Amino acid sequence: MLAIGVVMFFRFTGVSREQARVASEIEAAQRVQALLLRSQPIGSATLRVENVYRPAQEAGGDFFHATAIGRQTRVIIGDVSGKGLGAAAMLVSAIIGALDTLHDAAPATVLRSLNDLLLARQQGGFATCLCALVAPAGAIRMANAGHLAPYCNGSEVAVESGLPLGLAAEVDYAETSLQLAAGNTLTFLSDGVVEAQNASGELFGFERTQAISTESAERIAQAAHAFGQHETLTSSPSSTLPPRFCLPEPFTRSG
């Protein structure tokens with residue numbers, strides 16, 4: 001009895017230490033993510049970008065990044081799959097940190113650079129990613145690494161998709177061009193929206209997602225959350241509810 005008690009005590013102590021270690025890693029990843037994924041106003045006289053980020057757990061694998069590249073705006077959304085929640089969150093942090101110092105404008109070049117980053121880490125995991133470069137007059141170039149296609153004014157945009165990041169070396173990504181007119185919107189999202197699940201096991205799905213894709217990012221977030229408030233997003237640990245590009249005012253092509 002004494003021997004069994006001692007063994008159980010040490011096993012319990014080991015489990016408690018491991019739980020504490022994992023909790024500490026997730027807490028650290030959460031703090032880093034909160035800093036890196038903080039919302040910042042970005043746009044111009046002809047472009048407005050809005051986004052909502054709501055993790056379903058303590059730290060998520062989804063990411064969003066927007067920055068000005070000269071007179072253009074580069075917007076990136078993605079979803080990391082790693083070995084455990086903490087590992088995925090830390091990989092998100094590495095990607096966002098790299099994007100802060102990556103000043104390439106071409107979407108295909110950005111995806112190749114991120115692919116090299118993930119392969120160099122050699123820690124497993126991969127990421128889907130969609131990169132868009134928006135010019136002041138509404139011309140958009142996009143490259144896709146296995147991510148969900150965006151919606152333009154409620155219709156899905158046909159974007160050629162390449163391999164997710166981190167799976168193979170020397171991958172080439174094709175670029176797709178799109179022209180937005182004044183008042184148009186382009187909505188990107190993660191699979192956390194599509195895979196929101198209600199208490200009956202029903203998914204929010206692509207049809208509902210497309211139907212509300214013209215709404216604001218906040219309203220889409222609220223709709224997905226209300227539908228899936230009883231579920232746990234196991235396949236997508238967080239929901240990056242959509243970044244949207246909108247050309248709210250008439251623009252000219254001169255200057």
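Now for a description of the structure that goes with this document. (Residues numbered from 1 in each chain as written. Predicted model: local features only at pLDDT ≥ 70, side-chain atom pairs only at ≥ 80, totals over all residues. Heavy atoms only, no water.)

**Re the nonpolar core**
Here comes step 1: In this structure, Phe63, Ile95 and Leu165 are the most contacted members of the largest nonpolar core, which totals 23 residues.
Here comes step 2: Of all the secondary structure elements, the ones that give two or more residues to this core are β4 (72-81), α2 (85-101), α3 (107-121), β5 (126-134) and β6 (139-145).
Here comes step 3: Considering each element in turn, this core owes the most residues, 6 residues, to α2.
Here comes step 4: Among the nonpolar cores identified, the runner-up in size contains 16 residues, and Ile77, Val159, Leu180 and Leu186 belong to it. (Core = buried A, V, L, I, M, F, W, Y, C linked by side-chain atoms within 4.5 Å. Buried < 20%, exposed > 50% of the residue type's maximum accessible area, 1.4 Å probe, protein only. Helix = DSSP H or I, 4+ residues; strand = E, 2+ residues; numbered from the N terminus.)

**With respect to the packing of aromatic side chains**
Here comes step 1: Counted by the stated rule, this structure contains 1 aromatic pair.
Here comes step 2: Aromatic pair Phe204 and Phe227: ring centres 5.3 Å apart, planes at 75 degrees, arrangement edge-to-face. Residue Phe204 is located in the loop between α4 (191-194) and α5 (205-211), and its partner Phe227 is located in helix α6 (residues 217-227); the two are separated by 23 residues in the primary sequence. By the burial criterion, Phe204 is buried, and Phe227 matches it. (Phe/Tyr/Trp six-rings, centres within 6.5 Å; stacked < 30°, edge-to-face > 60°.)

**Description of the pattern of salt bridges**
Here comes step 1: Counted by the stated rule, this structure contains 3 salt bridges.
Here comes step 2: A salt bridge links Glu175 to Arg141; the nearest nitrogen and oxygen atoms lie 2.9 Å apart. Here Arg141 lies in strand β6 and Glu175 lies in strand β9 (residues 175-179), a separation of 34 residues in the sequence.
Here comes step 3: When its relative accessible area of 32% is taken as the criterion, Glu175 is described as partly exposed.
Here comes step 4: Note that Arg208 is salt-bridged to Glu202, the shortest N-O span being 2.8 Å.
Here comes step 5: On the basis of relative accessible area, Arg208 is assigned to the partly exposed category, the value being 33%.
Here comes step 6: Judged by relative accessible area, which is 38%, Glu202 ranks as partly exposed. (Salt bridge = Lys/Arg side-chain N within 4 Å of Asp/Glu carboxyl O.)

**Quick notes on the pairing of strand β3 (residues 62-69)**
Here comes step 1: As defined by bridge partners, β3 adjoins β4 across 8 bridges and the pair is classed as antiparallel. Paired with Phe63 across the strands is Gly78, a residue of β4.
Here comes step 2: Counting the residues in the hairpin turn of β3 and β4 gives 2 residues, including Gly70, whose phi is positive at 65 degrees. (Pairing = 2+ DSSP bridges.)

**Overview of the state of the cysteines**
Here comes step 1: Within this structure, the stated rule accounts for 0 disulfides.
Here comes step 2: Here Cys129 is not cross-linked by a disulfide; its sulfur's nearest cysteine counterpart is in Cys131, at 6.5 Å.
Here comes step 3: When its relative accessible area of 0% is taken as the criterion, Cys129 is described as buried.
Here comes step 4: Judged by its relative accessible area of 0%, Cys131 is buried. (Disulfide = S-S within 2.5 Å.)

Scope: geometric values only; no functional claims are made or implied.
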